Amino acid sequence: MILITGAAGKTGRAVIAALVARGHPVRALVHRDEQARLVESLGAQEALVGDMRDGATLRNAARGARAVYHICPNVSPDEIAIGKAMIAAAREAAVEQFVFHSVLHSQTEAMTHHWNKLRVEEALFESGLAYTILQPASYMQNVLAGWQTILDRGVYAVPYSVESRMSMIDLEDVAEAAAVVLIEPGHAGATYELAGPDVLTQIQVAEILSKQLGRPVRAEHVTIEAWTRQAQAAGMGAYQIETLVKMFRYYDRYGLWGNSRILRHLIGRAPTRFEDFVKRIVQERAVS
Ligand SMILES: NC(=O)c1ccc[n+]([C@@H]2O[C@H](COP(=O)([O-])OP(=O)(O)OC[C@H]3O[C@@H](n4cnc5c(N)ncnc54)[C@H](OP(=O)(O)O)[C@@H]3O)[C@@H](O)[C@H]2O)c1
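A brief look at the structure comes next.

Quick notes on the rules
Residues numbered from 1 in each chain as written. Predicted model: local features only at pLDDT ≥ 70, side-chain atom pairs only at ≥ 80, totals over all residues. Heavy atoms only, no water. Phe/Tyr/Trp six-rings, centres within 6.5 Å; stacked < 30°, edge-to-face > 60°. Helix = DSSP H or I, 4+ residues; strand = E, 2+ residues; numbered from the N terminus. Buried < 20%, exposed > 50% of the residue type's maximum accessible area, 1.4 Å probe, protein only. Pairing = 2+ DSSP bridges. Axes fitted to C-alpha atoms, helices over the stretch in contact; angles between N-to-C directions. Contact = heavy atoms within 4.5 Å. Parallel < 35°, antiparallel > 145°, perpendicular 65-115°, else oblique. Nonpolar A, V, L, I, M, F, W, Y, C, P; charged D, E, K, R; others polar. Near = heavy atom within 4 Å. Polar contact = N/O pair within 3.5 Å; in protein donor to acceptor, adjacent residues only side chain to side chain. Areas by Shrake-Rupley, 256 points an atom, 1.4 Å probe, with all protein chains shown as cover.

## A short note on the packing of aromatic side chains
For step 1, the next point in the chain: Evaluated as defined, the whole model comprises six aromatic pairs.
For step 2, the next point in the chain: Aromatic pair Tyr160 and Tyr251: ring centres 5.1 Å apart, planes at 90°, arrangement edge-to-face. Taken together, the residues Tyr160 in the loop between β7 (155-158) and β8 (165-166) and Tyr251 in helix α10 (residues 238-254) connect sequence positions 91 residues apart.
For step 3, the next point in the chain: Overall, Tyr251 belongs to the buried group, its relative accessible area being 6%.
For step 4, the next point in the chain: Ring geometry for Tyr250 against Tyr254: centres 4.8 Å apart, planes inclined by 50°, an arrangement best described as tilted. Taken together, the residues Tyr250 and Tyr254, both in helix α10 and four residues apart, mark about one turn of the helix.

## Focus: the sheet that holds strand β6 (residues 131-136)
For step 1, the next point in the chain: Taking strand neighbours across the sheet as the criterion, the seven strands line up as β3-β2-β1-β4-β5-β6-β9 in an open arrangement whose pairing is parallel. The open sheet terminates on both sides in strands that have one partner only, identified here as β3 (46-49) and β9 (190-194). Going across the sheet, the axis of each strand differs from the next one's by a mean of 15°, ignoring polarity.
For step 2, the next point in the chain: Of the strand pairs in this sheet, strand β5 (residues 97-101) and β6 are connected by four bridges, and their pairing is parallel. By the bridge assignment for β6, Val99 is matched with Thr132.
For step 3, the next point in the chain: Taken strand by strand, helix α1 (residues 10-21) contacts β1 (2-4), β2 (26-30), β4 (67-70) and β5, and its axis lies near 160° from that of β1.

## A look at the packing of helix α5 (residues 112-125) against α10
For step 1, the next point in the chain: Running from N to C, α5 and α10 cross one another at 95°; their axes reach a closest spacing of 8 Å. Here α5 is positioned roughly perpendicular relative to α10, judged by the angle of their axes. Residues Thr112, His113 and Asn116 of α5 form the contact with α10, whose participating residues are Tyr239, Thr243, Lys246 and Met247.
For step 2, the next point in the chain: Grouping the amino acids of the contact of α5 with α10 by side-chain chemistry returns two nonpolar, four polar and one charged.

## Re the site of the ligand
For step 1, the next point in the chain: In the vicinity of the ligand, 25 residues are found, and the nearest of them are Thr11, His31, Arg32, Met52 and Lys117.
For step 2, the next point in the chain: Between Lys10 and the ligand, the recorded distance is 3.0 Å, taken from a side-chain N or O atom to an oxygen atom.
For step 3, the next point in the chain: Between the ligand and the protein, one listed contact pairs an oxygen atom with a side-chain N or O atom of Arg32 at 2.7 Å.
For step 4, the next point in the chain: The protein chains hide 83% of the 920 Å² of surface that the ligand would expose on its own.
For step 5, the next point in the chain: Taken together, the residues of the shell around the ligand break down into nine nonpolar, eleven polar and five charged.

Okay, structure coming up:
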């Protein structure tokens, strides 16, 4: 049995699907009752509902599991405490393997949620557990949050420079890599950076969207002030806004890009290019 935490989020759902497709039983830890039905519909054999900030929930979830795939809620102020409690629960349950879903360039102190993941990685080194750390770049799927604006206004809006370079990765490739390290032996002690195959400016991202959608799409730099107003209006918490603003300021100066060769090695094929991801989305949405 493989325990997946944060299982109803977009990462969790993708990892469940990848493991179920390979015939591996999954126990999904979710936050709310309705998410239990969601993960069961994806094929999770067991669904547990609970708060990751509660040690007893984590201990109960880890009991009897062969492996843990730990996904912390996105931009959580409790990331380090949750990570350490999950590690303690995994040790108590004597799990054989602990895979931590980290992030590309967790070494970056200027981005709080990256830096917090590095502290969890450090706790894993000291845990005595057989660990594997995956460090994915930002997902291609993040572009879908602005899909309607892309279609309606022909605008791909980002709160950082349109010249910033990113190597976005297809979440389905991330999930495949996760399944590989969970199923195949020999990944203990490994830390893998996972990046997509294209290092693209946001202008190039808009050009690809434009080509695949067959209509003009331009990249637009939204100011931090305008983004913050929108986030506040949508009810986002102060910690999340402050942390994401730090990330956008970092992206603005340096972008976030890496190398795709490790991903290719893990999944045994060429990683998905952004162009092919957009083609797939356009086809899926035309059918549904
Ligand atoms: N997005 C990216 O591009 C990217 C790239 C690399 C790494 N990552 C990392 O991947 C991780 C997951 O990101 P994601 O975008 O998949 O997250 P997500 O879609 O926001 O999912 C998070 C899940 O955790 C649940 N949750 C929130 N608070 C919880 C709590 N206290 N106890 C139990 N469950 C709780 C949420 O449920 P509710 O709906 O009830 O809140 C949700 O189902 C994050 O750590 C992120 O940093 C993301």
